[in-house]
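Residue-level structure breakdown
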Amino acid sequence: MTIQTVSTNKSYGGVQGVYRHASQTTGTDMTFSVYIPPHADGAKLPVVWYLSGLTCTHANVTEKGEFRKACAELGLIFVAPDTSPRGTDVPGDANNAYDFGLGAGFYVDATQEPFSRNYRMWSYVTDELPKLVAANFPVDAKRQSVMGHSMGGHGALTVALRNPHRFRAASAFAPIVAPSLVPWGIKALTGYLGLNKDAWRSHDTVALIEDGAKFSGFLVDIGEADNFLKEQLKPELLEAACTKASIPLTLRRQAGYDHSYYFISTFMSDHLHWHAERLTA
């Protein structure tokens, strides 16, 4: 489980690192970032996993997310994977569309050719990368949580619902909560998983809840000026599903905010404090 250090920088007394490794899951080199806050020698620290959105790599949140000050104060490790496999041999969208293929792995294990060989992001973020991080950084395996943005919000919520005993907290910025019903999701789930919509349900937050999945509670922020709010995000469907299933949901509608990292960075500290309360209890 060898990793290559791409860069390290001191920040708020901790270390922001970027690392690369040869992934057996995706069959490609993968890059991810890890922030380690200042800590005592030998300490094991809680971990927040952050899943990014369409077109992003690990770098977007690492450079724009403004998480390090809060993580340093709260003693949280912050891990940011890539969103899809990379490389010249990795298939993408035939028309180079931004919402499928490279940069748009959608956190599923593809079953359809030619994507099934490399696009195995579900297994990568839930199995291979956690083992790699645990082997190389001072993580506490019993104190972990997950969060994400947009496509990554979809990933974070589905990961939590399918692994409720593994994650103590889950939150999201502008998540795609019902991908089976919106253009982004329909395109991705069809391309990666095929036409059988029953196979989509395990990667659809609302469908998972309808099918009986439970979690301790969610924090979700959306921007009321988000251009994707009505067509792609549909937070009202999550609200209805959580209400019916008695899953606690704090859904905050933020006036004037859009889909960008200006929005995410504004409320990042809120989310990390919310995670810390649950990770340190």
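Scroll up for the structure.
Residues numbered from 1 in each chain as written. Predicted model: local features only at pLDDT ≥ 70, side-chain atom pairs only at ≥ 80, totals over all residues. Heavy atoms only, no water.

1. Description of the overall build of the chain
Regarding its fold elements, the chain presents 9 helices and 9 strands. Taking 2.2 N^0.38 as the reference for a compact globule, 281 residues should give roughly 19 Å; the C-alpha atoms of the chain span a radius of gyration of 18 Å, in line with that estimate. Dimensions along the principal axes, computed over C-alpha positions, put the chain at roughly 50 × 45 × 35 Å. For the chain, the residues scored as buried account for 59% of the 281 residues in total. A distance of 5 Å separates the average location of the 25 positive side-chain charges in the chain from that of its 27 negative side-chain charges. (Helix = DSSP H or I, 4+ residues; strand = E, 2+ residues; numbered from the N terminus. Rg over C-alpha atoms; globule rule 2.2 N^0.38 Å. Buried < 20%, exposed > 50% of the residue type's maximum accessible area, 1.4 Å probe, protein only. Lys, Arg positive; Asp, Glu negative; His and termini not counted. Charge placed at Lys NZ, Arg CZ, Asp CG, Glu CD.)

2. Looking at the pattern of salt bridges
Proximity of charged atoms lets side chains of opposite charge pair with each other. Taken as a whole, this structure holds 11 salt bridges when the rule is applied. A salt bridge links Arg86 to Asp82, with the shortest nitrogen-to-oxygen separation between them at 2.8 Å. Lys131 is paired through a salt bridge with Asp127; the nearest N and O atoms lie 3.0 Å apart. With Lys131 and Asp127 both in helix 3 (residues 121-136) and 4 residues apart, this pair spans about one turn of that helix. (Salt bridge = Lys/Arg side-chain N within 4 Å of Asp/Glu carboxyl O.)

3. Quick look at the pairing of strand 8 (residues 218-223)
Among the 6 residues of strand 8, 6 are classified as buried, and the element is accordingly described as predominantly covered. Burial of the side chains of strand 8 extends over both faces: Phe218, Val220 and Ile222 are buried on one face and Leu219, Asp221 and Gly223 on the other. Relative to strand 8, strand 7 (residues 169-173) is paired through 4 bridges, and the arrangement is parallel. Following the sheet pairing, Ala172 is matched in strand 8 by Val220. Looking at chain direction, strand 8 and strand 9 (residues 249-254) are connected through 6 bridges and run parallel. (Pairing = 2+ DSSP bridges.)

4. Focus on the sheet that holds strand 8
The strand order across the open sheet built from 9 strands is 1-2-3-5-4-6-7-8-9, with neighbouring strands paired in mixed fashion. For this open sheet the edge positions go to strand 1 (4-11) and strand 9, each flanked by a neighbour on one side alone. Neighbour-to-neighbour, the strand axes of the sheet open up by a mean angle of 20°, direction not taken into account. Contacting strand 4 (45-51), strand 6 (139-149), strand 7 and strand 8, helix 4 (residues 151-162) crosses the sheet at an angle of about 140° to strand 6. In this fold helix 8 (residues 235-245) packs onto strand 8 and strand 9, with an angle of close to 155° to the strand it touches most, strand 9. (Axes fitted to C-alpha atoms, helices over the stretch in contact; angles between N-to-C directions. Contact = heavy atoms within 4.5 Å.)

5. A closer look at the state of the cysteines
Following the criterion strictly, the structure yields 0 disulfides and no others. Free of any disulfide, Cys71 has its nearest neighbouring cysteine sulfur in Cys56, separated by 18 Å. For Cys71, a relative accessible area of 0% gives the class buried. (Disulfide = S-S within 2.5 Å.)

6. Observations concerning the packing of aromatic side chains
The final tally for this structure, using the stated rule, is 16 aromatic pairs. Seen in terms of ring centroids, Phe263 and Phe267 are 5.9 Å apart; in terms of plane orientation they differ by 65°. Their pairing is edge-to-face. Remark: Phe267 and Phe263 occur in helix 9 (residues 261-279); sequence separation between them is 4 residues, near one turn of the helix. When sorted by exposure, Phe263 lands in the same class as Phe267, which is buried. (Phe/Tyr/Trp six-rings, centres within 6.5 Å; stacked < 30°, edge-to-face > 60°.)

7. A look at the nonpolar core
A general trend in soluble globular proteins is that nonpolar side chains are found buried together. Phe32, Phe78, Tyr192, Phe218, Met268 and Leu272 are the most contacted members of the largest nonpolar core, which totals 88 residues. The element that contributes the greatest number of residues to this core is helix 9, accounting for 8 residues. (Core = buried A, V, L, I, M, F, W, Y, C linked by side-chain atoms within 4.5 Å.)

8. Observations concerning empty space enclosed by the protein
Tallying each qualifying case throughout the model produces 1 cavity of 30 Å³ or more. Roughly 50 Å³ of volume is contained in the largest cavity. Lining the largest cavity are Trp49, Leu51, Val125, Thr126, Val146, Val159 and Phe167. Residue assignment for the lining of the largest cavity shows that the elements contributing at least two residues are strand 4 and helix 3. Taken together, the residues of the lining of the largest cavity break down into 6 nonpolar, 1 polar and no charged. (1 Å grid on protein atoms, 1.4 Å probe; cavity = no way out; pocket = protein on both sides within 12 Å on 5 of 7 lines; lining within 4 Å. Points joined across faces, edges and corners; volume = space filled by probe spheres on them. Nonpolar A, V, L, I, M, F, W, Y, C, P; charged D, E, K, R; others polar.)

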